[in-house]
Structure formats: C-alpha cells, structure tokens
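# Residue-level structure breakdown
Here are the chains, one letter per residue:
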Amino acid sequence: MPDTYDVAVVGAGPAGLAAAVESAAAGLGVVLIDAAGQPGGQYWRHYDENHARPDDRRGHHGWSTFTRLRERLDALTATGRIRYLPGHQVWLVTRDENGAFTLQLTPTTSTRVDGAEEAGLSRAETARALILCPGGYDRQLPIPGWDLPGVMAAGGAQALLKGHRTLAGRRAVVAGTGPFLLPVATGLARAGASLAAVVEANGTLGWLRDPVGAMSVPGKGVEALQYAALMARHRIPYRRGTVIREILGEGRVEAVRIARVDRVDGRLAGPEEEIAADLVALGWGFTPSLELPLMLGAETRRDVDGSLVVVVDDLQRSSVDGVYVAGEATGVGGAALAVAEGRLSAVALGVALRRTPESSRRAVVAVIGRLSREIRRGRRFAAAMHRAYPVPVAWTRWLSDSTLVCRCEEVSYGDLVRAHRDLGAEDPRTLKMLARPGMGWCQGRVCGFATAEISACLSRRETTAEDLRPLSTRSLAVPVTLGELAALADDLPGN
Amino acid sequence: MTADLVVVGAGVVGAAGAYFASLAGLRVVVVERGALAGGTSSAGEGNLLVSDKEAGPELDLALYSQRIWREDLGEHAGLWEFESKGGLVVAASEHGLASLRELTVHQRRYGVEVRDVARAELRDYEPHLSDGLAGAAFYPQDAQVQPMLVVAHLLRLAREAGALVRTRTEVVGFLRDGDRVTGVRTTGGDIPAGAVLNATGTWAGGVADLAGVHVPVLPRRGFILVTEPMPSRTIRHKVYAAEYVGDVASSDAALQTSPVVEGTGSGTILIGSSRERVGFDRTVSGKAIGTLAAKAIALFPMLREVRAMRTYLGFRPYCPDHLPVIGPDPRAPGLWHACGHEGAGIGLSAGTGKLIAQALAGDGPDLDLTPFAPDRFPEPEEALR
Amino acid sequence: MTYQMTFRGAAVPAEPGQSIGAALVAAGILDWRTTRKGGRPRGMFCGIGVCFDCLITVDGVPGLRACLVPAVDGMTLGDVGDTGGMEDGDAGHV
Ligand SMILES: Cc1cc2nc3c(=O)[nH]c(=O)nc-3n(C[C@H](O)[C@H](O)[C@H](O)COP(=O)(O)OP(=O)(O)OC[C@H]3O[C@@H](n4cnc5c(N)ncnc54)[C@H](O)[C@@H]3O)c2cc1C
Ligand SMILES: Cc1cc2nc3c(=O)[nH]c(=O)nc-3n(C[C@H](O)[C@H](O)[C@H](O)COP(=O)(O)OP(=O)(O)OC[C@H]3O[C@@H](n4cnc5c(N)ncnc54)[C@H](O)[C@@H]3O)c2cc1C
Ligand code: FES
C-alpha cells in the first residue's frame, strides 16, 4: 500500500503547478501527476529542457510566472514536500470506504521504446483529496476534407513549434474562431511560414459586444494589441465573417475554399474563394478534459461557450466531497485565470484540512479574497470573449452528407442523419450506439462536441449539458493494456 | 387512441414483441421512459448462445430462438450484423474437460450441435489460444448480433407495420376495470389497450408492482471490457472457459468472472462479463475489470499487450430460478410479462417476441409457456408490522 | 548531434528532444497509417496526445502516439501493422 498523500494534483499546467506549490506551501503532502514529460501544460509548453536553447522562450507570455512556479516546484520537490510524477497518465480513480482516492497510473509513452526506467514509474497513488487540473484541447467542428494530412488542430500546430521547434507547413491558413488564432498565426509567421490567411468566423473585433467584460482584465488588452501589431508586421490577411467551406487536396492539403457567413442566419454566402496552402490549423475554442471529474460523479454544466464544464463553488470545490477542480475544466478562461484557480483551490484545501496555523488565518482570508476577486474578473473577461467568438449557430448547415464527423470510426454526417431519421436516435448516446461516433481510439474527445450539437440540431432543440455528457464521459481516462488491468486485480482486496 | 397492445419498454424484448405483434396485425404502441435500447439492451454483449445452457426450459427457448433468428428474421440478419461464428468452450484441465464432455452428451440429446475438439486441434480453431489447455467443445450454432441495431431495426420494421413508438414516456400506473388491466397511465397521458406487455427488463418488478402483482426481477451487475481495434479474425469465435457455464447458473452474490472473448465487426475485442449482485451500483469496480482482464489473458496471452479503450456495465434482469417470465398474468387479466431474461435476453428475445405474439393472437404458442409462468414465484412474506 | 531513424526503410533525421511525429513532419512525411474502413491517410492532428490519429509502430511496438514519443537514435518506425491492420469496417458494440 503506498503512502496516502494529503492531496493528489492532476495536471502540471498553469492551474496544477500553482495548486501543487501552494498546497505544499500550506503544509500539505502533495503528489503532482502529469501526463507531460515536463511541467508547463499547454500554455507553457517548451522544448525538452535537456536540449534547451535560449530562443525556446520566444513568443511565450507570462514566462516569469512560469519560472517562479517552476523554481518553487523544484525546491519543494527537492525537499520531498512534493512528489512530482511527470510522464504518468491517470487512467482510473476510485474511492475507498474511508473516502481516500486511489489513482491508477500508466506511463504516457511505452517504456518499451523510450528506454525510461521501469523503476521510476508509479502504478498507483492514494490521496485524501484531489485537485484536478486536466486542462483541455482544441475544440473542432467537422469540415469537408478536415482529415487530410496537413490539417491540424491550431494548438497542435503551435505545440509542434513550441515543444518541438517544428514548423508544420510553409504556407498556412489558420481558421476557426477566437483570439487564440492570433498567437498561432503570429507564431507560425515568426517561425518562417507564410500566412495565407487567418479565417475568423465571427464578424467584428467582437470585444465590442461586451466592452465591460472585455475590460475586466486590463493585461489582456495589451496582449491583444501586441498580436494585432504582429499580424500587421507579418502582413497576415485577417478575414472576418469567413469560414473554410472545404479543404482540398489529393492525399494532402493543397488549398482551402473559403466563403463568407451571413451575419443574420449563419448561412454560407458566396462567392467562394480558393487559397493555396499546405497547412491548415483549425480551432474553435477549447474543450475541457472532463473524464476524471465525471468519473468521480462531479456535477457539470454547459458554459457560455457551449462546453461542458465542472460546477465549482467559490472555493473551487466540485459537488464531490474532497474533489477540487481548477483551470480549463471549470470553464475555458486562459492561463492567468487557471493559475488563480489553482492557488485558490490549494489555499482552500489547506483551510479545510486545518493545516493553516491560527496565526496566519487573517492572511489566508485576505488571500482568498484577493484570489476570488481576480477569478471573478477573469471569468467576466472569459465570458465576454466567448460571447464575442461563439461557435456559429448555423454551423451544422454547412455539413454535407459525406462530411466526416468522427475521424476514428469514419462516421459521416449522413450516417448520423440516417441513424436519427430511420432508426430513431434522438440523443447523442443513442446516435453513438447506432452510428458509432466517439467509439474509436479518442473515445469522442475530438467529435464529441460536434456530435452533441448535431444531435440536438437534428431534433430541433438547443444543445444541453445532457447532450454533452455522454460524449465527455470515459470509463477509462486513457487506454491501458489488459496486462495493467490484470495487475489491478492482484492489487485490490476482495470486491 | 386505443391499442390492441401496449408494450412497455423499448429494449430488445419489447422490440421483438412489438415487431411480431405488429406483423400479426395488432395495433401496437411501444412506450419507453428513456431512449430506445437505453436500458440493459445497450449494456451487454450480443451473444446468441446455446453452448452455455444446460438441458431444460431455457435451452428449449434458446434453440427455438435460434430458429426464429435464422428463419423468421433471417432476411434482416445483415441489418444487425448477425454472424454465425460459433462458440468454443475450452477446458484448462483434464478434469474440466471430462465435465465438459459430460455436459455435451446431454446437450446433444436436446438438439444442440457440438463438436469435440482435441487438444491438438485447438490452434486450428484459435491460433492465439494459450498453451496447456486440455481441449474444447465447438458449438456451431452460437452466433452474435449488434443488440442496439436489433432494437432500432425491429422497432423501425414494427413502425412500418403500423406500430407507434413513444420514447421519453414513462408508465406510472395502469388503467383498471376491476382486476382487469385495460391500459396504461403514462407521463404523456393514458393509453387504453386490449393488453399490456411488461417488457421492462431489470425494472419489471417495479412495473408489476404498479399493477399489484409480484414478479421478482433483480439486478445482477456485469462489466465488459472493449479493446483497441485489432486485425480481423484475431479471435475467430466466441471463446470461453468451461467454468463459465457454472457461473451463469450460479446464485452466488459474490463476484464471478469467466469471460467470453470475442471479436466484433468493428475490430474491437469484447471481454465480458463479470457477474455480481450489488444492486444498481454504477461505480467501476477495479477488481471486476482487473479479473476479467486476467482471465482473458489466461486464455489468450497475446492480449496482455493489447489495450482496453473502455469498459461499461449493465444490470442483468434475473429471477431467483434463473428463468425468464413470459406469458399472461392470471392475477391481473390483460397484463402480460416478458422479462427477467438475465444474461441471455438478446438471444432469447426473438423466440420470446414470437411466442408472445402467438399467445396474444390466441394461437397456441410453439413452445409451452408453463415453466415461465408469472405466478410461479411464492408471494413475498407479509412485512412484519 | 542529429539522430537518425528509419521510416519504411528511408532515413529520417531528428533533433534530440523532438518527438518522432515532429521529426516525420519536419521531414515532409505527413501521414504514416491508414484508416480501417476508408483506407484514408492519417498523421498528426491534435499534436498533444488527444486524438490518436498519429498512431505508429516504434521498434515493433504498435499503437504509440507519435506526437508524444521522444525520438531516439536508431529507432525503426512504422513497419509492422502500420495500417492498424484492420480490414473490416463498420459494425459495432458499445
Ligand atoms: C495545444 C494547446 C495550445 C495552447 N496554447 C495557448 C497559447 O499559446 N496561448 C494561450 O493563451 N492559451 C493557449 N492554450 C490554452 C491554454 O492551454 C490554457 O489557457 C491553459 O493552459 C490552461 O491551463 P490548465 O492548467 O487548466 O491546463 P493545461 O495547461 O492544459 O494543463 C493540463 C495538464 O494536465 C494533464 N492531464 C490531463 N489529463 C490528465 C490525466 N488523466 N493524467 C495525467 N495528466 C493529465 C495534461 O497533460 C496537461 O499537462 C492552448 C491550449 C492547447 C490545448
Ligand atoms: C454485462 C452484460 C452482458 C450481457 N451479455 C449478453 C449476451 O451476450 N447475450 C444475451 O443474450 N444477453 C446478454 N445480456 C443480457 C441482456 O442484455 C438482457 O437480458 C436484455 O438486454 C434484456 O432486455 P429487455 O428488453 O428485457 O430489457 P431492457 O433492455 O433493459 O429494456 C427495458 C426497457 O424498459 C424501460 N422501462 C423501465 N421502466 C419503464 C417504465 N415504467 N415505463 C416505460 N419504460 C420503462 C427501460 O428504460 C428499458 O429501456 C447481458 C447483460 C449484461 C448486463
Ligand atoms: S496527434 Fe493527436 S494524439 Fe498525436
């Protein structure tokens, strides 16, 4: 039986790093588990530190925040206050009769190929409380041709640059919606790609739709102006109110066909235009990773941006006793907000476990107050962004019968329509059972949002949290070998 | 709206009943509280097995159902991926093999086709089987279907024959005329009917209660593991260890796991399933899925490095004597039951639906329903006051 | 020092610290497996281990995510079963 930690923090992105160091600072015994090989999550993704170069930091924002968190993590790890387990994925979380959580772990990459020491690997950890900071990934809408090689998630194209110094193409189109398209485009341009266009589905520089919300985080305005300047410097065409109609190519991307979207009814309006490209980077906001909170039964809701997120109270507590959630999983809102939420969850947990000495109670209350205000501002800003860059309401009308929705199981929009119309699949779960979207390797991570929206649209109703849940729930958070599963039977007592 | 028959529950049993009754010319309304196939019919596997049944009424029903699947429903087999791949029951020890041979002697007598498979022939059947197994029995009749497609298509065909299907409508009571059941009360209004079929699977006891009759159906939980897609014919038949038959018939509440391992059309391998009585507990049991994996690896060592993509669970509807409840309820005339098919409801659904339709139409059913009579159970003891 | 890997017999260079997926993309190789049903090419998509599009066989170990596995000198990529090997199509069980 391994030691039981006070808290297991899952994820070492902005939220998880902050949560881990703050928990340890509050005197808690911490195990920090992260799938990635080094800390930083998506936002502070950087090249392998064993082979670092000074310019690896270029284009990184808030790097000093990362450096500070990183130094604290190293110090706390060195003194044994934090046990840091990079390269480990949590695949199952269960709870025993005393309320302690057991997290089953599997190495992110096979030890059979990367030569990693079997000895340094942990198979399971237990903890009295959890702070889940699993972040998220690019949200996708199916587009004809989106499975051609050379089409990538916007964040993926960026991850190749930031994490692997690799430019995914020479002539790029970045498309979808939201402010995140800008750092991706400027990052690619700075690395030497020619940017054929940024194709933004929404119209205005939409902060104007909620100026008060947009102004609630002043630093963000500055960041936006910087990107605008970079876009101008690299002469990147910014096509607003425009979407990719189709991605063209034989065996790989050769061009995209774009069209304007009618502002009122969201229909595509001609004339179409063809743009040559060998890289298409797509992003429609982000989808939070909810498999761990859902596995534990945490309550979820549909957020302003249409994503399923975990319901938390003003101390980052989920509906499940002892489970705190911070970062993108509580609502997509960016790294600064994630850091604040991570901190708050740790401080709150410290208080809950009575590890805060009487003498520092006042200080802690003040910290909680300050963080809560910061989080409220961050949420207002995020909501303003989501309202400015919504997924266009009429997007399902852009689909044709043959458009692939599920890339893994190769399920087309037509397959979904037929399962709905002929077989009576009225909800996403039934669609999944009858037509198989979300049944393949990724278990619905990529097509889940789209399938839920398509299902609701076919039944002529609004998408609800109920629609999103079945495709966000995963019984195993990541695939594991049957050998690892079999080992579980030996580890556990009785039934 | 008046129906000849209201079918409560759009699982595989309800769908089969609705289909055959519609074909027989009855006006059928199906009422389902959730989505079609939203109950146990989407939470199990699709094995149509004769191999796991000992001689008796369940085997008779299984053999009868085999005929219905292949004859009456044969023209639609492709719609639900019917595959007559056969089952291979393997014995690990000489002792186990001896009992298996004994079982097959009885089964043959009752019409089951069985081939004895010697140790040396095992690899011809399944190239990846473990070394050191003693022998096996091959059951060519064992087949499989995709259960959700069965439900959806049977209901579609029933609709084409005039049936109405009302999902998201829950039956909350019965219309009565004295003892007689004359229809259902639902969350979407009353539906008068000549007869009502309780096909609510694991929840059938509760629905029977609404009519004031006792039908003891209880949940028996099972987990299934689904692997990553594998090359086709990695595993060619339904393969399971001989101990499985004992587990199926057991009344023990404790966890039993003797998995059936089988490939599917989508490339995944299904490993299922455990059996334990823990009420309606939906939390994933590491012990159950771990034991399933271990036993599957014992049969097929190559599975050790194969990844599981997901696991799911369901609650088999079982009765204390492990037989389903099929037929009219003399305690509440007009009320019929087709429920409690435990771990074999997919396979038995075809025969059950056909027999119900025959009995409703007043024709003598092809099979004697007496062993499945709804009033065969003792009344529950009066609660102490 | 630059690592050398082989992909279907051809040499693919990699920088220490790069993933094998990144090295393949840098070498202009955009796809390394095909889908079971449609035989469609697949390579990198999400770039962060979420989509499983980039599955590859490395030194005989199948089904690894190329975007996550760090390149190692001398690796052999994608020989055995690099189609995923699955011929038959639709159908399904939950
Ligand atoms: C590819 C990508 C690139 C992005 N780039 C930018 C950018 O340039 N600028 C910007 O403003 N925003 C960017 N974002 C958004 C940004 O990720 C978030 O705002 C921020 O990183 C959120 O922090 P977080 O701590 O909530 O999650 P993340 O940073 O996503 O960190 C979550 C961590 O949890 C780990 N994890 C998840 N599940 C498990 C599990 N089961 N077991 C173990 N570990 C697990 C993940 O591997 C990850 O390391 C990007 C997002 C993505 C997906
Ligand atoms: C793990 C596992 C593996 C299995 N493997 C196999 C196998 O390989 N082969 C096989 O033959 N069988 C198998 N089974 C058994 C099989 O799944 C069941 O016997 C069968 O699905 C039962 O079907 P049903 O139609 O009776 O019940 P269900 O499919 O549960 O349908 C009953 C329906 O009634 C509805 N309902 C309930 N109450 C009401 C109400 N008040 N009003 C309206 N509707 C209501 C429910 O929502 C439900 O949809 C397995 C079961 C499990 C759990
Ligand atoms: S590119 Fe998506 S998992 Fe590797």
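Residues numbered from 1 in each chain as written. Chains lettered and ligands numbered in written order. Predicted model: local features only at pLDDT ≥ 70, side-chain atom pairs only at ≥ 80, totals over all residues. Heavy atoms only, no water.

Within an unreviewed UniProt entry, the label attached to chain C reads Proline dehydrogenase, and the organism entered is Planotetraspora phitsanulokensis.

Under the annotation held in an unreviewed UniProt entry, chain A carries the name FAD/NAD(P)-binding oxidoreductase and is attributed to Planotetraspora phitsanulokensis.

Looking only at helices and strands, chain C has one helix and seven strands in total. Taken from N to C terminus, the helices and strands of chain C fall in the order β-β-α-β-β-β-β-β. Evaluated residue by residue, chain C yields a buried proportion of 61% over its 94 residues. (Helix = DSSP H or I, 4+ residues; strand = E, 2+ residues; numbered from the N terminus. Buried < 20%, exposed > 50% of the residue type's maximum accessible area, 1.4 Å probe, protein only.)

Time to look at the site of ligand 1. The full set close to ligand 1 counts 31 residues, and Ala15, Asp34, Gln42, Val90 and Gln158 of chain A are the nearest of them. Bordering ligand 1 are residues originating from chains A and C. Between ligand 1 and Ala35 of chain A there is a distance of 3.1 Å, counted from a nitrogen atom to a backbone nitrogen or oxygen. Contact between ligand 1 and Ala335 of chain A: an oxygen atom at 3.3 Å from a main-chain N or O atom of the residue. Protein coverage of the free-state accessible area of ligand 1, which is 970 Å², stands at 92%. Breaking the shell around ligand 1 down by element, the ones donating at least two residues are helix H1 (14-25), strand S4 (88-95), strand S7 (136-138), helix H4 (154-164) and helix H9 (335-352) of chain A. Of the residues that constitute the shell around ligand 1, the class distribution is 15 nonpolar, twelve polar and four charged. (Near = heavy atom within 4 Å. Polar contact = N/O pair within 3.5 Å; in protein donor to acceptor, adjacent residues only side chain to side chain. Areas by Shrake-Rupley, 256 points an atom, 1.4 Å probe, with all protein chains shown as cover. Nonpolar A, V, L, I, M, F, W, Y, C, P; charged D, E, K, R; others polar.)

Scanning all chains against the criterion turns up 50 salt bridges over all chains. Linking Glu49 of chain A and Arg70 of chain A is a salt bridge whose minimum nitrogen-to-oxygen distance equals 2.4 Å. Here Glu49 of chain A is found in the loop between strand S2 (30-34) and helix H2 (63-78), whereas its partner Arg70 of chain A is found in helix H2, with 21 residues between them in sequence. In this structure Arg70 of chain A comes out as buried when scored by relative accessible area, which is 18%. A single network of salt bridges, built from pairs that share partners, joins Asp147 and Arg407 of chain A together with Arg40, Arg42 and Asp53 of chain C. (Salt bridge = Lys/Arg side-chain N within 4 Å of Asp/Glu carboxyl O.)

Before going further, it helps to examine the nonpolar core. Within soluble globular proteins, side chains that are nonpolar tend to cluster in buried spots. Residues and elements named next belong to chain A. Membership of the largest hydrophobic core comes to 160 residues, with the highest contact counts inside it found for Ile244 and Ile247. Setting aside anything within four residues of it in sequence, one finds Ile244 in contact with Ile143, Val173, Ala175, Val199, Val256, Arg257, Ile258, Val280 and Leu282. In terms of nonpolar packing, the next biggest core, distinct from the first, is built from 49 residues, Ala154, Val184, Ala185 and Val198 among them. (Core = buried A, V, L, I, M, F, W, Y, C linked by side-chain atoms within 4.5 Å. Contact = heavy atoms within 4.5 Å.)

Before going further, it helps to spend a moment on the site of ligand 2. Residue and element names in this part refer to chain B. Within the structure, ligand 2 sits among 38 residues, and Glu32, Ser41, Asn47, Glu342 and Gly347 are positioned closest to it. Within the backbone of Gly345, a nitrogen or oxygen atom sits 3.0 Å from an oxygen atom of ligand 2. For ligand 2, whose unbound accessible area comes to 1000 Å², protein coverage reaches 98%. Among the elements that make up the shell around ligand 2, the one with the highest residue count is strand S16 (residues 307-318) (four residues).

With that settled, consider the interface of chain C and chain A. Contact residues are listed per partner, giving 42 residues for chain C and 47 residues for chain A. In total, about 3600 Å² of surface goes out of reach between chain C and chain A, with carbon and sulfur atoms giving 60% of it. In terms of surface lost to chain A, no three residues of chain C exceed Leu30, Phe45 and Ile48 of chain C, which account for 19% of the buried area on that side. At the boundary of chain C and chain A, one finds four salt bridges. The salt bridge involving Asp147 of chain A is made with Arg42 of chain C; its shortest N-O contact spans 2.9 Å. The tally of links between chain C and chain A comes to 15 residue pairs in polar contact (both at pLDDT 80 or more). Only helix H1 (20-26), strand S4 (41-43), strand S5 (55-58) and strand S6 (61-65) of chain C provide two or more residues apiece to the side of chain C that touches chain A. Tallied by class, the residues present in the side of chain C that touches chain A amount to 24 nonpolar, ten polar and eight charged. (Buried area = accessible area lost by both parts, 1.4 Å probe.)

Tallying the contact residues gives 33 residues for chain A and 41 residues for chain B. When the two sides are added together, the surface that chain A and chain B hide from each other amounts to roughly 3100 Å², 62% of it contributed by carbon and sulfur. Connecting chain A to chain B are one salt bridge. In this structure, Glu426 of chain A and Arg168 of chain B form a salt bridge, with 3.2 Å as the shortest nitrogen-oxygen distance. Summed over the shared surface of chain A and chain B, the number is twelve residue pairs in polar contact (both at pLDDT 80 or more). If you list the elements that add at least two residues to the side of chain A that touches chain B, you get S4, helix H12 (428-435), strand S22 (480-481) and helix H15 (482-491) of chain A. With six residues, the single largest contributor to the side of chain A that touches chain B is H15 of chain A. Residue composition of the side of chain A that touches chain B, grouped by class: 16 nonpolar, ten polar and seven charged.

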